[in-house]
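Residues per chain, in single letters:
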Amino acid sequence: MSGLHDNARIFHLPPTRGWADFAVGLLARVEALQPACVLDVRITDRHQEVAWVTIYRSPDDVITASGPNGPYLTRGQTTWTWQLAAPEPPEFRNEREIERAELIASSVLTFLAKLDAVPDAENFGMEGAVQFHTWSPRSGPAPSDYSWDNYAEHRTGLQISNFLHYLHVIPVGKGFTKEHVDKNFPGWRWEDLVEVIKAADVFIGRGGSPATCRPTVKAIHFTDRSHWAVEWLDGTVTTSA
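Residues numbered from 1 in each chain as written. Predicted model: local features only at pLDDT ≥ 70, side-chain atom pairs only at ≥ 80, totals over all residues. Heavy atoms only, no water.

Throughout the structure, instances matching the rule amount to six aromatic pairs. Seen from their ring centres, W80 and W82 are 6.2 Å apart, and the 15° between their planes marks the pair as stacked. Across this residue pair, the class does not change: W80 and W82 are buried. Members of the aromatic cluster, each reached through a chain of ring pairs, are W19, F22 and F132. The ring of F132 carries the charged tip of R29 above its face, separated from the ring centre by 4.2 Å. Its guanidinium or amino end placed over the ring of W52, R42 lies 3.7 Å from that ring's centre, counting from NZ or CZ. (Phe/Tyr/Trp six-rings, centres within 6.5 Å; stacked < 30°, edge-to-face > 60°. Buried < 20%, exposed > 50% of the residue type's maximum accessible area, 1.4 Å probe, protein only. Lys NZ or Arg CZ within 6 Å of the ring centre and 35° of its normal.)

Let us now look at the packing of helix α3 (residues 157-164) against helix α6 (residues 190-199). In the contact formed by α3 and α6, the axes pass within 11 Å of each other and the chain directions differ by 130°. Between α3 and α6, the crossing angle belongs to the class labelled oblique. Every pair of crossing elements has a handedness; the one defined by α3 and α6 is left-handed. Residues I160, F163 and L164 of α3 form the contact with α6, whose participating residues are W190, L193, V194 and I197. A per-class count over the contact of α3 with α6 returns seven nonpolar, no polar and no charged. (Axes fitted to C-alpha atoms, helices over the stretch in contact; angles between N-to-C directions. Helix = DSSP H or I, 4+ residues; strand = E, 2+ residues; numbered from the N terminus. Parallel < 35°, antiparallel > 145°, perpendicular 65-115°, else oblique. Left-handed = near helix turned anticlockwise from the far one by under 90°. Contact = heavy atoms within 4.5 Å. Nonpolar A, V, L, I, M, F, W, Y, C, P; charged D, E, K, R; others polar.)

Moving on to the sheet that holds strand β13 (residues 237-239). If you walk across this open sheet you meet the four strands as β8-β11-β12-β13, and the pairing is antiparallel. Each edge of the open sheet is held by one strand with a lone partner, namely β8 (153-156) and β13. With direction set aside, neighbouring strand axes in the sheet form an average angle of 15°. Looking at chain direction, strand β12 (residues 227-232) and β13 are connected through three bridges and run antiparallel. Across the sheet, residue E231 finds its bridge partner in β13, namely V237. (Pairing = 2+ DSSP bridges.)

This part takes up the pairing of strand β3 (residues 37-45). Where burial is concerned, most of β3 is hidden: nine out of the nine residues are buried. Here β3 shows a buried face lined by C37, L39, V41, I43 and D45 and a second buried face lined by V38, D40, R42 and T44. Judged from the seven bridges that link them, β3 and strand β7 (residues 129-135) form a sheet pairing that is antiparallel. Across the sheet, residue V41 finds its bridge partner in β7, namely F132.

Backbone torsion omega between G67 and P68 reads 15°, so that peptide bond is classified as cis. You can see P68 is positioned in the loop between β5 (62-67) and β6 (78-83). Of note in the backbone geometry, D61 takes a positive phi value of approximately 75° without being a glycine. Structurally, the position occupied by D61 is in the loop between β4 (48-57) and β5. Of note in the backbone geometry, D201 takes a positive phi value of approximately 60° without being a glycine. When you line up the elements, D201 lands in the loop between α6 and β9 (203-206). Overall, the relative accessible area of 48% leaves D201 in the partly exposed class.

To continue, consider the pattern of salt bridges. Per the counting criterion, the structure on display carries ten salt bridges. D61 is the salt-bridge partner of R100, the closest N and O atoms lying 3.1 Å from each other. Taken as a pair, R100 in helix α2 (residues 90-114) and D61 in the loop between β4 and β5 lie far apart in primary sequence, 39 residues in all. By the burial criterion, R100 is buried, and D61 matches it. Between R225 and E195 there is a salt bridge, with the nearest N and O atoms lying 3.3 Å from each other. Separated by 30 residues along the polypeptide, R225 in the loop between β11 (217-224) and β12 and E195 in helix α6 bring together distant segments of the chain. Overlapping salt bridges, with partners in common, bring together R57, D61, E97 and R100 in one network. (Salt bridge = Lys/Arg side-chain N within 4 Å of Asp/Glu carboxyl O.)

Below is the structure:
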């Protein structure tokens, strides 16, 4: 069934009202976003991450958002900034905040709908879903002080798992693995990517099944097998020596 599952913070997109209900759920969460908190919006289709937008409300009430790969600077990234006009008479502030929330939700939805990786609403698979996660330094991982600009590549844990799915003998033999790497990791060979992932200790082999990334990985930043950093969902960071 389509609907919001607040405990799991997962919203399943099918059936056809999925996209409209997603818009309602996103607006509600933007309106409820408190200062110094982040709202992560991740879209997956058939268990593959296809988009991730982060929305941050600063302590001084400026709201910024970035996507399609969260806060990481990658090709095709878009960023937005919204702030309330000052000074704002108290009797109009709530109205202005509602208008801003509506603009933010509308902007993010329009952006997501235009991404090639995001299927049309009616074309999502039965496993298409949106995951909402609101957190703050008091209730979840705090923003890291590390500078990711020192690394050439930035990939989420789900993106790494998606790549590792192609390491099975059949897609490798048929050339699907190379096609996936050429499209998503231009300039790389799949063998070199595996070396990086193993060096970062996020590779999980599963016998006859395709390998996967450790589920507690938020993102991995890397240049080569000797230069990498892993962000974990608990807020810790591991790096190459």
